Amino acid sequence: MRGLGGFGGWRPALREARTGWPVLVVLTALAVVLTVASLLWPPVFDGLATKELSRRLTVAQVDGPLVMARASLKAPRNFYGNSTAPQFGSLDSDLTRVGETLRQGASGELAHTLVRVSGWAQSEGMKLSGAGVPEPDDSGTSVSLAYAQDAADRVRWTAGRAPAQPDGAKEAPVELGMSRQGLEQFGLTVGQRVKLEGQTEATEAVVVGEFEPLDGADDLWRELPLLNSPLYAPEPNGYVRYGQALVAPAGLEALEARGSLSVSATWAFQAAQQPWGTGGTAAGTRELAVGAKGFTRSAVDRVCGEIVSDSLPCPAGVRTVSPPQVQERLSVLMDRFAEQRARTVSLQSFALAGLLAIGVSTAVAAARLGARRREAALTLQRARGAGEIALAAVRALEAVPAVLVGVLAGWLASRALAGERPLGAWWPALLAALLVAGAPAVAVWWQGRAVRRAGREPVQRRGLKRVLGLSARVVVEGTVLALAAAGVLQLRLRGAVSAAATDPDPQLALVPVVLGLAAVVVVLRVYPVPLRVLTGWARRRRGTVALVGLSQAGRRSAAAATALLVLVPALACAVFGALVSGTVRQGRVEAAEWRTGGDAVVLGPSQRPLPLEELAKVPGVGGVLPVRGGVAVLTADEDGSVVKGVGLVGVDRTALEAVEPGSPVAAALSGAALSAPLAAGAELPALADAKTAARYPEGSFDADAGATRFRVRIVGVLPAGADRDRAIGPVVGDVATGPLLVFGGPAVDRLPRQTGQRNAAVLFAEPGRPGSPAGAQRIDGARLRAVVAASAATGGAGGAGAAGGAVLRGAPVEVRDLAGQLRESADDGLVSALELAFRTAAAIGLLLGLAAVVLELLLGSAERGRMLAYLRTLGLDGRSAAGVQLVQLLPVMAAAVVGGTVLGLGLPWLLGPALELRAFTAGPGAPAFAPDWLTIAAAALALLVLVPCAAALEGVTGRRRVPQLLRLGEGAQ
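Throughout what follows, the structure given in this document is the object of discussion.

Before going further, it helps to spend a moment on the state of the cysteines. In a disulfide, the sulfur atoms of two cysteines are held together by a covalent bond. Applying the stated criterion across every chain yields a total of 1 disulfide. A sulfur-sulfur distance of 1.8 Å marks the disulfide that ties C304 to C314. Handedness of the C304-C314 disulfide follows from its S-S torsion of about 100 degrees: it is right-handed. Of this pair, C304 sits in helix 8 (residues 282–304) while C314 sits in strand 12 (residues 314–316), placing them 10 residues apart in sequence. C314 carries the same exposure label as C304, and that label is buried.

Moving on to the packing of aromatic side chains. Tallied over the full model, the rule gives 7 aromatic pairs. Ring centres 5.0 Å apart and planes at 50 degrees place the aromatic pair W41 and F45 in the tilted group. Residue W41 and its partner F45 are both found in helix 2 (residues 21–60); the two are separated by 4 residues, about one turn of the helix. For the pair shown, W41 and F45 are each scored as buried. Seen in terms of ring centroids, F350 and F576 are 4.9 Å apart; in terms of plane orientation they differ by 90 degrees. Their pairing is edge-to-face. Pair noted here: F350 is in helix 9 (residues 330–373) and F576 is in helix 18 (residues 560–596), with a separation of 226 residues, a long-range link. Neither F350 nor F576 differs from the other in exposure class; each is buried. Joined through ring pairs, the aromatic side chains of F350, F576 and F838 make up one cluster.

Our focus in this paragraph is helix 11 (residues 388–418). Here helix 11 is 31 residues long and its end C-alpha atoms lie 43 Å apart, about the 45 Å a rise of 1.5 Å per residue gives. At the C-terminal side of helix 11, G419 shows a positive phi close to 65 degrees.

Turning our eyes to something else, we now look at the nonpolar core. In this structure, L27, L347, V403, L564, F576, F838 and L943 are the most contacted members of the largest nonpolar core, which totals 98 residues. Element by element, the count of residues in this core is highest for helix 18, at 15 residues. Not counting chain neighbours up to four residues away, the residues in contact with L347 comprise F576, V580, L834, F838, L915, L917 and F920. Listed in part, the 61 residues of the second largest apolar core include L66, L95, L196 and L252.

Along the chain, S581 turns up in helix 18. Separated by 2.5 Å, the side chains of S581 and E835 make a polar contact.

Before going further, it helps to spend a moment on the pairing of strand 6 (residues 174–179). Taking burial as the measure, the 6 residues of strand 6 include 6 buried ones, the bulk of the element. Burial along strand 6 is two-sided: V174, L176 and M178 facing one way and E175, G177 and S179 facing the other are all buried. In this sheet, strand 8 (residues 203–213) lies alongside strand 6 in parallel orientation, the contact comprising 6 bridges. If you follow G177 over to strand 8, its bridge partner there is G209.

Side chains bearing opposite charge may pair, as long as their charged atoms lie close to each other. One pass over the full model with this rule turns up 28 salt bridges. With a shortest N-O distance of 2.7 Å, E175 and R161 are connected by a salt bridge. Residue E175 is found in strand 6, and its partner R161 is found in the loop between strand 5 (155–160) and strand 6; the two are separated by 14 residues along the sequence. Overall, the relative accessible area of 10% leaves E175 in the buried class. What makes R161 partly exposed here is its relative accessible area of 40%. Residue E657 is joined to R653 by a salt bridge in which the shortest nitrogen-to-oxygen separation is 3.4 Å. Taken together, the residues span about one helical turn, with E657 and R653 both in helix 20 (residues 653–659) at a distance of 4 residues. When its relative accessible area of 30% is taken as the criterion, R653 is described as partly exposed. Through salt bridges with shared partners, one network takes in E52, R55, R56, R588 and D828.

Definitions and limits used
Residues numbered from 1 in each chain as written. Predicted model: local features only at pLDDT ≥ 70, side-chain atom pairs only at ≥ 80, totals over all residues. Heavy atoms only, no water. Disulfide = S-S within 2.5 Å. Helix = DSSP H or I, 4+ residues; strand = E, 2+ residues; numbered from the N terminus. Buried < 20%, exposed > 50% of the residue type's maximum accessible area, 1.4 Å probe, protein only. Phe/Tyr/Trp six-rings, centres within 6.5 Å; stacked < 30°, edge-to-face > 60°. Expected span 1.5 Å × (residues − 1). Core = buried A, V, L, I, M, F, W, Y, C linked by side-chain atoms within 4.5 Å. Contact = heavy atoms within 4.5 Å. Polar contact = N/O pair within 3.5 Å; in protein donor to acceptor, adjacent residues only side chain to side chain. Pairing = 2+ DSSP bridges. Salt bridge = Lys/Arg side-chain N within 4 Å of Asp/Glu carboxyl O.

Structure below.
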């Protein structure tokens, strides 16, 4: 029972605790830092993610609402189906009632995200006639009346007034408001009376005001573009002028009173995140994505009940409404955000785990210092019969209250800084606190073990120990290396974390920590070899500074273990963070260039031609490359297998060679001889990516492109890297998720014109050169957008005309320039949050490394001070003594820099497919690793600066504790 023996009494133990207060202060500070990091980490980064989600919602809604619903509002009728019109003053409330009922169909996070709903209604087109209305060459006019609930906030009345409900609205003329372009197109003036003729009886109307949009790109003008910009379009019987006029609710209610059966209604939902929202959290992101996908059904059920039928209209106040058709793009945006968020959480958990490991290592250094300073007292207590377990228990009793105080202070600080957001999980903080509190006890036990081993006679090993020559150090090191190898192997076999994951990935967080320990093991094994070589070199020189410093470094090589245990993981975390940051940043730049294709690109709906000739005349444009795009599902003739998400690209080889002479895709198209004429219904020859071509050599397929089916035959293989060609990205970058087929020659014109898909006109300031921001700036952007706005691609129902918006819902006309895409690629909150996580962990880790070095220096300060005093007694000057101290630290610094840098740069290779970064770039493939060398150099330089600073700090604090010169009779040791 000697191990449980006494330790000399409680009073001496308390007296020892008072003398060991510096170590307890260090442990308390570490507990505060690690607790704050653990608890505050999730709310801080959840807030940043929510802010980024809000930004993405705002950007996405520039192209139109993310959630919309459309339905027909039927005129008021009684129980028997007879019209009860007019019901003046009820249309606005019915629109509001249906919109709010739809919004109430959302639940959970989606209900918090859909912050507002706005509705508008419009009549069918009616013929406009009156004095001055032009009708040459049998041309016609078609004007529909539109009421928007929030039009008052979107227009400025430049003449007259806004339409209202006149007295005697049932018989009075309908009041109209028109834009300046509308008045000019139809030859009208404010105050003029006109006649509207449609399915109802002729209706008198009067123009009471002229308006102009406050913002020509908001939702109203995007969905009702003819309000601002009438269209003069060709029709089979001639040209027809299409336009719209703003009315008050009474205008549409007057049409109901005069026989109109229904009006079409639209509700647009605005999505936004409040700063305190939870949509950016891992769980909130997933909930929002699931809610968006289910909103189509839940919203209709809310309005119409569980039984939905077009023949059974749903109640809507005094009117009825057909089952709403909900269209949403929110789920697509959220799926992509959720994937990026999952990857971000995994990598941030790695940074946090590294920070906690560095903090625990620093606690080990502090505990070793405390045990060394109490060595004399502990030796006396052991001589009096104290057991090792009792001594370790006393150290634990000293450390636990200090650590608990630190945990409590960290919790209070975290709660104050987190605001309304919930704190992170407690288990990382408690685990770190437990390890910090146990460090002093382990240090005392380890010291006692060394004392016992030093006092025993060497024991000859027998059996397996003798055969293998094992020691405790070898067993520990082998265990660490085996755990690291097993973790790496399992991670590589498992691959990346699923995008559906809502929690941190503990394996991806812990394996790099074990790899850090393995790196320290390797560094400590290799460390003495170059040190002996340098010491031998120093012996051959005349000076004593290098020889003495390197000799002391060799004698205390075992003491460098604790410092390296902190410095190597800290620098590795900084290097790995710089590598991830540089790779993502460079990958996003390459993806922006790929999505743009050249210096700029115009994307338009597949059904409408782009104005290629006009685009070529835009100032600054030197070449135009037309590209057809689409997506299909292939069914193989060989085995009936189905291949989904196949990207279809049609490109003219001659045009591609003109703008990109060295294009491998153009060379492959030329070698495949795809210019032969095609008979009606013939298979379309195509080049396939290498993987698809290897699976289906010369395979034939049935291709399903939605409303169109056709035949495809593989006749060649695309060269490596063809998916990164500038002709590919603009048309398939947002839609294709699977293989790639490229068509040339006559097959290009045979590709289907798919609804929702787009063709591209890739513009080059200088053909033969890749796109650049400078080239993009040479192109006249204003003229380019004016040409696009005036083209046939932006015309038609749902088009944008000069307002510049979406056409043929789901296929927007878009103008991208490379400079704008690069700015957008640099503005990603998730990437910034990821960089902040690694920089924070690296900065705190390096500061803790500074503390660990100071503690290690203090640990050997007495021995080192007496050695320097001996040398100074022999005549060594102060400058040389400082040089000895610096040289003594150089091997540790070099080992930390080399080990940390190699580990940080090697982690991507070790983690393999578990490190998935393509989700951040959205490029054609996994981005190539591109370290941020400037940040890596800064981290290494910070380490090289911090360690000498630590030495200087220790020198100042320890100057009074060691003699400057030896007195007669003293030795150096």
